[in-house]
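# Understanding the architecture of this molecule
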Amino acid sequence: MYVAECMAVEAWGTAILMFMILVFTDPRNQSLKSKDAAPFLIGFTVAMLICLYAPLQQAGWNPARDLGPRIIAAIAGYGSMAIPGPRNGFWAYIVGPLIGAPLGALVYDVILARGLRKYD
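What comes next is a walk through the structure. As the structure is a computational prediction, the values presented were derived from the model and not from experiment.

### Digging into the overall build of the protein
Each helix and strand counted, the protein has 4 helices and 0 strands in total. Moving toward the C terminus, one meets the helices and strands of the protein in the order α-α-α-α. Seen along its three principal axes, the alpha-carbon backbone of the protein occupies a region of about 55 × 25 × 25 Å. Put simply, of all contacts in the protein between residues at least 6 apart along the chain, 63% involve residues at least 24 apart. Accessible surface, the protein as shown: approximately 7500 Å² in total, 70% of it carbon and sulfur. Of the charged side chains in the protein, 9 are positive and 7 negative; the average position of the first set lies 4 Å away from that of the second.

### A closer look at the packing of helix α1 (residues 3-25) against helix α2 (residues 38-57)
The contact between α1 and α2 brings their axes to 10 Å, and the two run at 170°. Between α1 and α2, the angle is such that the two are roughly antiparallel. Residue-level inspection shows Cys-6, Val-9, Glu-10, Trp-12, Gly-13, Ile-16, Leu-17, Met-20, Ile-21, Phe-24 and Thr-25 of α1 in contact with α2, the latter providing Ala-38, Leu-41, Ile-42, Thr-45, Val-46, Leu-49, Tyr-53 and Gln-57. By residue class, the composition of the contact of α1 with α2 is 14 nonpolar, 4 polar and 1 charged.

### Some words on the state of the cysteines
Taken as a whole and judged by the stated rule, the model has 0 disulfides. With no disulfide of its own, Cys-6 has Cys-51 as its nearest cysteine by sulfur position, at a separation of 18 Å. Judged by relative accessible area, which is 10%, Cys-6 ranks as buried. Given the relative accessible area of 55%, Cys-51 is considered exposed.

### A closer look at a nonpolar patch on the surface
Taken together, Ile-99, Leu-103, Leu-106, Val-107, Val-110, Ile-111 and Leu-112 make up a surface patch of nonpolar side chains, about 570 Å² in accessible area. Mapped onto the secondary structure, Leu-112 falls in helix α4 (residues 89-117). Leu-112 sits in the partly exposed class, given a relative accessible area of 30%.

### Focus on the nonpolar core
Core analysis: the biggest nonpolar cluster contains 8 residues, these being Phe-19, Val-23, Phe-24, Leu-32, Ala-38, Tyr-108, Ala-113 and Leu-116. When residues of this core are traced back to their parent elements, those giving at least two are α1 and α4.

### A look at the pattern of salt bridges
Scanning all chains against the criterion turns up 2 salt bridges. Arg-70 is paired through a salt bridge with Asp-66; the nearest N and O atoms lie 2.5 Å apart. One end of the pair is Arg-70 and the other is Asp-66, both in helix α3 (residues 63-75) and 4 residues apart, which spans about a single turn.

### Things to note about the environment of Gly-104
Relative to the helices and strands, Gly-104 resides in helix α4. Gly-104 sits 47 residues away from Gln-57 along the chain, and the two C-alpha atoms are 20 Å apart. Sequence-distant contacts of Gly-104, defined by excluding residues within four places in its chain, comprise Ala-15, Met-18 and Phe-19.

Rules behind the numbers
Residues numbered from 1 in each chain as written. Predicted model: local features only at pLDDT ≥ 70, side-chain atom pairs only at ≥ 80, totals over all residues. Heavy atoms only, no water. Helix = DSSP H or I, 4+ residues; strand = E, 2+ residues; numbered from the N terminus. Contact = heavy atoms within 4.5 Å. Areas by Shrake-Rupley, 256 points an atom, 1.4 Å probe, with all protein chains shown as cover. Lys, Arg positive; Asp, Glu negative; His and termini not counted. Charge placed at Lys NZ, Arg CZ, Asp CG, Glu CD. Axes fitted to C-alpha atoms, helices over the stretch in contact; angles between N-to-C directions. Parallel < 35°, antiparallel > 145°, perpendicular 65-115°, else oblique. Nonpolar A, V, L, I, M, F, W, Y, C, P; charged D, E, K, R; others polar. Disulfide = S-S within 2.5 Å. Buried < 20%, exposed > 50% of the residue type's maximum accessible area, 1.4 Å probe, protein only. Patch = residues over 30% accessible without salt bridge, like charges linked within 9 Å, V, L, I, M, F, W, Y side chains within 5 Å. Salt bridge = Lys/Arg side-chain N within 4 Å of Asp/Glu carboxyl O. Core = buried A, V, L, I, M, F, W, Y, C linked by side-chain atoms within 4.5 Å.

Spelled out as structure tokens, the structure:
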């Protein structure tokens, strides 16, 4: 896959994950009365996203998981092998989720949160 395609998949997966996290944890959302199930449902969401997207590009979705080792490798002297990486993975695995998470939150605010505010 090309860098732009990987970044788009990372952004899309992170957006879905962020949207679902907000759905499961928003106290105004009464469709999930007990929030005790939220960790299981979030984990199930991650599992399903991994099943769908890991075959395409490894499904990172957490920039901290990729950025920390890159910083250490850069400090250790690996240069361009660390950042941006041999196939420019920096853009896919760091920037993609940083674009996707706010988009997922924005979609949640536009689609669901407005309706939930009516019932506060």
